Amino acid sequence: MDRALKARLERRFGDRLAGPVRQRHDETEIRIGAGDVPEVLRALHDEPELGFTLLCDLCGVDTGTVMQAVYHLWSETTPDWLRVIADGLPREKPRVPSVTFLWKGAEWLEREAYDMFGIVFEGNRDLRRILMPDDYVGHPLRKDFHLPDDASRSPGGGVRPMESPGRPADAAETTVRRRATAG
Amino acid sequence: MSAVAAYWHRLTIPARILLVGVPVVLVVGAAVTVGLALLAEPLVDFLGANMGLVRFVVAALLIIVVATVPTAFVVIYLELKVIARMNLRVGPDRVGPYGSLMSVVHGLKVLSKEDFTPSGVDVPVFTLAPVAVFLTTVMTLLVVPFAPGLYGQDFNIGLLYLFAVGGLNVVGLMMAGWASYNKYALLGTLRAAAQSISYEIPLTLSVVGVIILAGTMSLNSIVTQQAGSFLDWNAWRQPLGLLIFFIAAIAEANRTPLDMTEADQELVAGFATEYSGMRFGFFFFAEYVNVFVVSALIVVLFFGGWNAPFDWPWPVTLSLDPGALGIGLVFLIGLAPVVGTIVLGLPFWLLSSRISALQALVIGFLLFNLVAVAAVLAWAFISFDWAVGLAWMIGKTFVFVFVFVWMRGTLPRVRVDQLMGFAWKWLLPAALLNIFATAAAVVVIGK
Amino acid sequence: MTTPTRPSLDDPNLTIPVDRAGIFEPIPPARTERQQEFYALRDGEMLLNLGPQHPATHGVLRIVLKLNGEQVVDLDPVIGYLHRGVEKLCENADYHQAICYTDPLEYIASLFCEWSPVIAFEKLLDVQVPRRAEYIRVLAGELNRIASHALYIGFFALDLGGITPILWSFLERDEIVEMLTALTGAQLLFNYFRIGGVNGDLNHDFMSRLGDWMSRAGRQVEAGTALLNENEILVRRARGIGILDHETAFRMAVSGPNLRASGVPLDLRRAHPYSVYPELDFDIPTRSEGDCLARYLLRVDEIKQSLRIIDQCLHQMPDGPVMARLPRLVRPRPGRAYAAIEGPRGLYATYAISDGTDQPFRMRIHDPSFVHLQLLGLLMPGNLVADTMAINASLDPVMGGVDR
């Protein structure tokens, strides 16, 4: 828990932070809006007193109400992990500027977030599905994505919503469709 | 007939074999005898008129059946077992004693696989490619002298014939890769062609030194000129030539470390990716025979061929004339096994109470076989010098086969551009250097 | 650059072979800029599929190579053949079950795959792990690291054509795996780490095997490296191939031995210590060349360091419980936790989000092999097809982790 880091971050990014800088154990977390991602991350990467040069993780999160793009960074200047949450992405069309201009290695991480959540990273030259087949429909890790269940146990003939906590049992049934061979 | 059908299921397998086999043998034997009796004279006349053809056919069949098949089987078994031991594994040890029949099983396996032709291939070329590869490899056996008098043909351009025919190997590989309609095969083929052509030249040039020293390209003469002791072998007179030939031979035989053409880990199976069953079997059969031929060449050219390393005066001369026994020979052949089995098995039965009579007979039979084989071999060694020569030749050849297998188990693979760079930039100049040095030495020393 | 179209059969200027048998897959429609760039073939270039079924792609990896003869011009790795939806599965399981799902990710070093989520969950739950459990975790983890690196050496040699070191590596690994079987009960997917400790103390069988092995530790690996390190053929094929420099490594988010072979002495066990690593004394091997040979030699050095750590663990092992007391169904308070460890391939991290229920709301697994596979597109072009295998093997990808 690095208080000095919290102070530095508040001093540097004060107005852009969409919430207080939270710290727990050895992680420091800041929240920013989607549009601020390029400048904030570039500042974190380039400025010597921040120096977060190692990208440790880039993922998407579906909170149920909004989407988030979460970046984890490491710097030699602080013993803490830094978590940057680009919060407030709308669930229908989540869009975030890409960070591939800073870390080319983020390309596949962003592809995976796109594949799993549908988050479009603007500026990523190769934004296509990576883990699922190219012509797959649906984004699997979204909270409104339902896994097909055992056909034998299902009256609907193959698909029913997964019972998950907080999800009412009478939620609308959706199927996972595969588009026939793309032209 | 119906009695047989009724009791067929109660027969054991040996009984079934006998029940079917004995009548078949009798009928076929009778037919052959009758046929021979009727056709004997015209047949003998025909054969006598075309003796050359007869000898050729017999020799070709003998070579293929006796020379290539068992040789390839032995080389395959050696490879499996030796590499397994190097890998601290056991290798095949279930099929036959110490797994020695594994090659037979492999052969049967490839014979029994489905023989398909993938769609899109160039069918005549695809089908003939394994034939071309196998043919060229077997044809090289024609001129290799295995023992004094034991060779196919003694061309006075034997070495030239060898390299010419051996070089046709790559034609078969190219046919295979091109016709396969597969990019992996294509890559493998092009590598094979490039590699073969690159190493053909140092291979041929490295033996020019030997040719200069021997004055002839006939392999038989090269071997006879190395008679004497091991100090007369060409290895001492042409060390650089030996080294270059050895390395180029590895490349021509497509063995690791120079086996880019069939690099398992990169090109699945190189030119043979689309082949399966016996067609695939042909390629690798040819490869193992090629390994044997190339080892035999190294021995013939540089290590004295069938000459023993030192003169071994046989203190015993034996002149046995089995024909003099007349009808007694038949009795000898009939009674010797029986008597030998009993005589050799008796001590075991008498001296140990745990061994039953049957076991003692079996032991006696095995021992008799060993003794008989040893006696026949000894007689052959003493009476025929081709037997001694053959033994030395095979022994030396298999030393080099072992070296090839050893290299396969130990070394990684050389990359294709490094491989060709090595051939053109190092081996070729070295071979030329060797020729000049040899020629200069011959002129100066005047050997 | 336009997407190439299928050639017409009546075109008199047809120079490319026609797919008579109709067996080649059509070139897929280019959806992104990068794909368009990739699938536009110039004169003399061809696409070769180093397909998911291949003897040497370390699992189901498909690389579409654009070749100009033997030289690789560009490549496009296609992954996802081993995607099992682990993250989604973990969302529907409770915290203890989720750890079982993470084992098969990097199956070669599965204890590390368990370690990272376990630390993340312990952070969520504010659980204090007993010191003995931490030492046992380090011990088992370092054993697993040695096993993984031994296998790496074998596969590296195998991909370059040497068929012997892999079997010797497996001998080494067999001993370690039997040890870990005695400890954990399983041979590949150990399922040993629990939230708050480990499942079961060290037992006599494990200790006797370990003591026995320590006297001949690494001997098979040494035999393998003796066969390879000075072998001119291997050195020529690995030196100077696939050079990754300092800046590119950071740009590509590389971590672990691949990063340290490029001259950056960054090891999470020292840079961001976790567990009891601050109390252990070991060096961080680093090499500056950044080529395949450096990556290979570095992992050989790391085995020696791991042996040092194991030795110290055995001497410093404290007494005590091996598991913190936790309820069967844990409900951490809502929050987020991130835990990263130094796996044998690099930075292996878990980001866990809890929503107060007994199932993780989101369990994100960051795998180093996934990130490192992007290096293929950077390192391979310009080299020959034969080098693709060398580079692929030297990066040590495990497809289970790549695809999750």
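Student: Looking at this structure, how should I read the overall build of chain A?
Tutor: Within chain A one finds three helices and seven strands. Mapped from its N terminus to its C terminus, chain A presents α and β elements in the order α-β-β-α-β-β-β-β-α-β. Residue burial in chain A is summarised as follows: out of 183 residues, 38% are buried. Sequence-distant contacts in chain A: of pairs separated by 6 or more residues, those separated by 24 or more amount to 47%.

Student: I would appreciate a short explanation of the overall build of chain B in the present structure.
Tutor: Check the secondary structure of chain B and you find 18 helices and zero strands. Over its C-alpha atoms, taken along the principal directions, chain B stretches across nearly 75 × 65 × 60 Å. Each of the 447 residues in chain B was classed as buried or not, and the buried ones make up 37%. Counting only contacts in chain B whose residues sit at least 6 apart along the sequence, the fraction spanning at least 24 positions is 78%.

Student: For this particular structure, what's the right way to read the interface of chain A and chain C?
Tutor: When the parts of a complex come together, some accessible area is lost, and that lost area is often used as the size of the interface. Taken together, the 38 residues of chain A in the interface contact 38 residues of chain C. Elements that contribute at least two residues to the side of chain A that touches chain C include exactly strand S2 (27-33), strand S3 (54-62), strand S4 (67-74), strand S5 (81-89) and helix H3 (106-117) of chain A. Each residue belonging to the side of chain A that touches chain C can be placed in one class, and the counts come to 21 nonpolar, six polar and 11 charged.

Student: Quick question: what am I supposed to make of unusual backbone geometry here?
Tutor: Where the residue is not glycine, phi is negative for most of them; where a peptide bond is considered, it is trans in most cases. With a phi close to 50 degrees, A:His25 is a non-glycine residue in the positive phi region. On the secondary structure map, A:His25 appears in the loop between strand S1 (22-24) and S2. On the basis of neighbour counts, which here come to 18 C-beta atoms within 10 Å, the residue A:His25 falls in the partly exposed class. A positive phi is found at B:Tyr181, a non-glycine position, where the angle reads about 60 degrees. Overall, B:Tyr181 belongs to the buried group, with 21 C-beta atoms counted inside 10 Å.

Student: Please clarify how the packing of helix H7 (residues 169-179) of chain B against helix H8 (residues 183-206) of chain B should be interpreted in this entry.
Tutor: Residue and element names in this part refer to chain B. In contact at an axis separation of 8 Å, H7 and H8 are set at 165 degrees when each is read in the N-to-C sense. Put simply, H7 runs roughly antiparallel to H8. Regarding H7 and H8, the two cross each other, and that crossing is left-handed. Side by side, H7 and H8 meet where Asn 169, Val 170, Leu 173, Met 174, Ala 176, Gly 177 and Trp 178 of the first sit next to Ala 185, Leu 186, Gly 188, Thr 189, Ala 192, Ala 193 and Ser 196 of the second. Looking at the contact of H7 with H8 residue by residue, the classes come out as nine nonpolar, five polar and no charged.

Student: In this structure, what is going on with the confidence of the model for chain B? I would like to understand it.
Tutor: In regions of low pLDDT, the predicted coordinates are not meant to be interpreted in detail. Averaged over every residue, the pLDDT of chain B is 84; the share at 70 or more is 95%. In the predicted assembly, ipTM is 0.87 and pTM is 0.82.

Student: Is there a simple way to think about the sheet that holds strand S1 (residues 45-50) of chain C in this case?
Tutor: Residue and element names in this part refer to chain C. Strand order in the open sheet formed by three strands is S1-S2-S3, with antiparallel pairing between adjacent strands. Both edges of this open sheet fall to S1 and strand S3 (71-78), since each of them pairs with a single strand only. For this sheet, the mean angle separating the axes of adjacent strands, direction not counted, is 20 degrees. Relative to strand S2 (residues 62-68), S1 runs antiparallel, the two sharing six bridges. Within S2, the position partnered with Leu 50 by the bridge is Ile 63.

Student: How should the interface of chain B and chain C be read in this particular structure?
Tutor: Listed as interface residues are 26 residues of chain B and, on the opposing side, 30 residues of chain C. Elements with a minimum of two residues in the side of chain B that touches chain C: H8, helix H13 (264-267), helix H17 (385-410) and helix H18 (416-445) of chain B. By residue class, the composition of the side of chain B that touches chain C is 11 nonpolar, eight polar and seven charged.

Student: What am I meant to see in the nonpolar core here?
Tutor: Generally speaking, nonpolar side chains in soluble globular proteins are found buried as a group. With 253 residues, the main nonpolar core has A:Leu73, B:Val144 and B:Ile298 as its most contacted residues. Of all the elements, helix H14 (residues 277-302) of chain B adds the most residues to this core, at 18 residues. Dropping the residues within four chain positions of it, A:Leu73 is found in contact with A:Leu44, A:Phe52, A:Leu54, A:Leu55, A:Cys56, A:Leu82 and A:Val84.

Student: Can you help me understand the sheet that holds strand S8 (residues 360-366) of chain C in this one?
Tutor: Pairing between the strands of a sheet is mediated by backbone hydrogen bonds and can be parallel or antiparallel. Residues and elements named next belong to chain C. Reading across from one edge, S6-S7-S8 is the order of the three strands in this open sheet, with antiparallel pairing throughout. Strands at the two margins of the open sheet, each flanked by one partner only, are strand S6 (335-343) and S8. If you compare each strand with its neighbour and ignore which way they point, the axes differ by 15 degrees on average. As defined by bridge partners, S6 adjoins strand S7 (residues 346-354) across nine bridges and the pair is classed as antiparallel.

Student: Would you take a moment to explain the domain arrangement of chain B for this structure?
Tutor: Once the domains are mapped, chain B shows domain 1 (113-311 + 406-445) and domain 2 (322-383). For domain 1 of chain B versus domain 2 of chain B, the separation of C-alpha centres amounts to 45 Å.

Student: Explain the environment of B:Glu41 here, please?
Tutor: Assignment of secondary structure puts B:Glu41 in helix H2 (residues 13-49). Counting along the chain gives 33 residues from B:Glu41 to B:Val74, while the straight-line C-alpha distance between them is 42 Å.

Student: It is not clear to me how the confidence of the model for chain A should be interpreted in this structure. Could you clarify?
Tutor: When pLDDT is averaged across chain A, the result is 79; 79% of the residues are at 70 or more. When mean pLDDT is compared element by element in chain A, S4(A) scores highest at 93, while helix H1 (residues 3-13) of chain A scores lowest at 87.

Student: Would you take a moment to explain the packing of helix H3 (residues 51-86) of chain B against helix H4 (residues 102-112) of chain B for this structure?
Tutor: How two helices sit against one another is set out by the angle between their axes and by the gap between those axes. Residues and elements named next belong to chain B. It is at 8 Å that the axes of H3 and H4 come closest, and there the two elements cross at 110 degrees. Comparing their axes, H4 and H3 come out roughly perpendicular. Regarding H3 and H4, the two cross each other, and that crossing is right-handed. From H3, Phe 73, Ile 76, Tyr 77 and Leu 80 reach across to H4, where they touch Met 102, Ser 103, Val 104 and His 106.

Student: Even after reading the chapter, I still don't get H2(B), so can you show me in this structure?
Tutor: For the α-helix, the turn length of 3.6 residues means that residues three or four positions removed from each other point alike. All names here are of chain B. In this model H2 runs just 46 Å from its N-terminal to its C-terminal C-alpha over 37 residues, more than 12% under the 54 Å that 1.5 Å per residue would give. The principal kink in H2, of about 65 degrees, is found at Leu 39, preceding the proline Pro 42 by one to four residues. With respect to burial, H2 is a largely exposed element, only zero of its 37 residues being buried.

Student: For this particular structure, what's the right way to read the environment of C:Ala324?
Tutor: All names here are of chain C. Relative to the assigned elements, Ala 324 resides in the loop between helix H13 (292-316) and S6. Each C-alpha atom, one on Ala 324 and one on Ala 339, is 19 Å from the other, the two residues being 15 residues apart in sequence. Residue contacts for Ala 324: discarding those within four places in its chain leaves Val 127, Gln 128, Val 129, Pro 130, Gly 196 and Gly 197.

Student: Just to check I follow, could you spell out H14(B) for this structure?
Tutor: All names here are of chain B. Spanning 26 residues, H14 covers 37 Å between terminal C-alpha atoms, matching the ideal 38 Å at 1.5 Å per step. Of all 26 residues making up H14, 23 are buried, and the element is well covered by its neighbours. Two residues or fewer past H14, Gly 304 is found with a positive phi of approximately 85 degrees.

Student: Looking at this structure, I do not really get the pairing of S7(C). What am I missing?
Tutor: Side-chain positions along a regular strand alternate between the two faces of the sheet. All names here are of chain C. Counting buried positions over the nine residues of S7 gives nine, a clear majority of the element. Where S6 hands over to S7, the hairpin turn is made up of two residues, counted between the paired strands. Both S7 and S8 contribute to a ladder of six bridges, which runs antiparallel. Bridged to Ile 353 within S8 is Arg 362. Counted between consecutive antiparallel strands, the loop separating S7 from S8 contains five residues, among which Gly 356 sits at a positive phi close to 90 degrees.

Student: Would you explain the pairing of S2(C) in this entry?
Tutor: All names here are of chain C. Judged from the seven bridges that link them, S2 and S3 form a sheet pairing that is antiparallel. By the bridge assignment for S3, Leu 65 is matched with Leu 75. Counting the residues in the hairpin turn of S2 and S3 gives two residues, including Gly 69, whose phi is positive at 70 degrees.

Student: Whenever I open this one, the environment of B:Thr204 confuses me. Can you help?
Tutor: Residues and elements named next belong to chain B. Within the element layout of this structure, Thr 204 appears in helix H8. A residue is classified by how many C-beta atoms lie within 10 Å of it, and Thr 204, with 20 of them, is buried. Here the alpha-carbon distance between Thr 204 and Val 110, two residues 94 residues apart in the chain, equals 35 Å.

Definitions and cut-offs
Residues numbered from 1 in each chain as written. Chains lettered and ligands numbered in written order. Predicted model: local features only at pLDDT ≥ 70, side-chain atom pairs only at ≥ 80, totals over all residues. Helix = DSSP H or I, 4+ residues; strand = E, 2+ residues; numbered from the N terminus. Buried ≥ 20, exposed ≤ 12 C-beta atoms within 10 Å, placed from the backbone. Contact = placed C-beta atoms within 7 Å. Nonpolar A, V, L, I, M, F, W, Y, C, P; charged D, E, K, R; others polar. Axes fitted to C-alpha atoms, helices over the stretch in contact; angles between N-to-C directions. Parallel < 35°, antiparallel > 145°, perpendicular 65-115°, else oblique. Left-handed = near helix turned anticlockwise from the far one by under 90°. pLDDT = per-residue confidence, 0-100. Pairing = 2+ DSSP bridges. Core = buried A, V, L, I, M, F, W, Y, C linked by C-beta atoms within 7 Å. Domains from an automatic or database assignment. Expected span 1.5 Å × (residues − 1). Bend = angle between axes of the 7 residues up to and from the residue.

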